[in-house]
Amino acid sequence: MFNFFKKKQEPAQLCFNTDIHCHVIPGIDDGSPDVETSIELIERMKSWGITRIVATPHVTQASFENTPEIMSQALNSLKEGLQSKNIEIEITHSAEYRIDEQFLAHLSEGIIVPMPSNYILVENSFIQEPWNLDQLLFDLKVKGYKPILAHPERYLYYHQKRDRYKAIHSTGTKFQVNLLSLAGHYSKDERRIALELIDNGLVDFIGTDLHNHRHADAIESFIHTREYRKIKDRIPLLNDSI
Ligand SMILES: [Fe+2]
């Protein structure tokens with residue numbers, strides 16, 4: 001028998017409208033491979049309430065040596081695809097800059113593409129803390145950039161050295177936690193540390209770090225949970241203020 005009274009599930013909404021970390025620019029990193037996939041991913045993001053995207057392709061030495069020209073060309077092809085399907089979304093790009101020799105070179109050549117408000121998303125190596133990280137973050141600030149450390153909960157070497165979180169954050173570097181970490185998509189340790197960072201008031205941004213449909217599935221399941229609803233009101237996010 002049909003249940004006419006069954007309440008239709010509303011599409012769950014994110015607690016922010018601006019995503020500052022995702023890999024939806026096609027064909028230039030390990031995120032979306034082509035315009036078609038990018039459009040599908042963006043339509044899914046829109047259904048979660050995202051209205052503004054600052055896409056952040058990887059800029060990593062030896063893996064993804066993206067330049068401002070490469071990134072803006074790929075963004076333009078995506079914008080043409082979105083336009084041809086009448087999909088409206090405010091989309092621009094910056095990058096997820098791995099702290100490595102190439103980043104230092106780009107910095108001295110002045111070919112960094114910051115986010116609005118001069119934020120810059122930087123990523124540590126996953127193996128060890130970059131040498132002289134504190135000095136580099138200081139230098140970025142002196143140059144007028146506002147560094148955001150991407151997914152601090154994902155650097156396992158900090159899990160045993162948790163005082164580093166407070167030390168780095170206290171000098172003005174903002175922290176961006178991945179929604180996928182909170183969803184438990186990587187491991188229970190990353191989830192636990194992400195929650196601890198929230199509890200300690202160290203989280204300034206949440207990003208999707210969306211690369212593919214598998215990630216989108218994980219996010220969609222998570223934002224329907226009671227746990228997500230409990231978390232989302234506890235964080236004074238800066239996402240929509242940039
Ligand atoms: Fe990323």
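Note that the structure is a prediction, hence the values are computed from the model and not measured.

Scoring rules and cut-offs
Residues numbered from 1 in each chain as written. Predicted model: local features only at pLDDT ≥ 70, side-chain atom pairs only at ≥ 80, totals over all residues. Heavy atoms only, no water. Helix = DSSP H or I, 4+ residues; strand = E, 2+ residues; numbered from the N terminus. Rg over C-alpha atoms; globule rule 2.2 N^0.38 Å. Buried < 20%, exposed > 50% of the residue type's maximum accessible area, 1.4 Å probe, protein only. Contact = heavy atoms within 4.5 Å. Pairing = 2+ DSSP bridges. Phe/Tyr/Trp six-rings, centres within 6.5 Å; stacked < 30°, edge-to-face > 60°. Lys NZ or Arg CZ within 6 Å of the ring centre and 35° of its normal. Donors = N, O, S within 2.8 Å, 3.2 Å for Na, K, Ca; no water. Tetrahedral: all angles 85-135°; square planar, octahedral: opposite > 155°, others 65-115°.

Some words on the overall build of the protein chain
Reasoning step 1: Each helix and strand counted, the protein chain has 9 helices and 9 strands in total.
Reasoning step 2: Rg of the C-alpha trace for the protein chain: 18 Å, near the compact-globule value of 18 Å for 242 residues, within the 12% margin.
Reasoning step 3: Each of the 242 residues in the protein chain was classed as buried or not, and the buried ones make up 52%.
Reasoning step 4: Considering only intrachain contacts with a sequence separation of at least 6, the fraction spanning at least 24 residues in the protein chain is 79%.

Things to note about the sheet that holds strand β8 (residues 174–178)
Reasoning step 1: One open sheet accounts for 6 strands, arranged β3-β5-β6-β7-β8-β9; its pairing is parallel. Among the strands making up the open sheet, the edge pair consists of β3 (58–59) and β9 (205–207).

Topic: the packing of aromatic side chains
Geometry of an aromatic ring pair is reported as the spacing of the ring centres plus the angle between the planes.
Reasoning step 1: In the structure shown here, the tally under the stated rule is 9 aromatic pairs.
Reasoning step 2: Residues Phe222 and Tyr228 carry aromatic rings whose centres are separated by 5.4 Å and whose planes lie at 65 degrees to one another, so their mutual orientation is edge-to-face.
Reasoning step 3: Each residue in the set Phe126, Tyr155, Tyr157, Tyr158, Tyr165 and Phe175 is aromatic and connected to the rest through ring pairs, giving one cluster.
Reasoning step 4: Over the ring of Tyr119 we find Lys146; its NZ or CZ atom is 4.7 Å from the centre of that ring.
Reasoning step 5: Over the face of the ring belonging to Tyr186 we find Arg154, whose NZ or CZ atom lies 3.6 Å from the ring centre.

A few points about the coordination of the iron ion
Reasoning step 1: Looking at the metal site, the iron ion is ligated by His21 (NE2), His23 (NE2), Glu96 (OE) and Asp209 (OD), spaced 2.0 to 2.3 Å from it.
Reasoning step 2: Coordination at the iron ion is irregular, judged from the 4 donor atoms that bind it and the angles of 84 to 172 degrees they form at the metal.
Reasoning step 3: Summarised as a motif, the one-chain spacing of the donors to the iron ion is H-x1-H-x72-E-x112-D. With His21 in the loop between β1 (18–19) and α1 (35–47) and Asp209 in the loop between β9 and α8 (213–223), this pair connects stretches of sequence that are 188 residues apart. Asp209 carries the same exposure label as His21, and that label is buried.

Some thoughts on the side chain of His106
Reasoning step 1: Its place among the elements puts His106 in helix α3 (residues 101–109).
Reasoning step 2: In this structure His106 comes out as buried when scored by relative accessible area, which is 9%.

Honestly, it's all geometry; don't read function into it.
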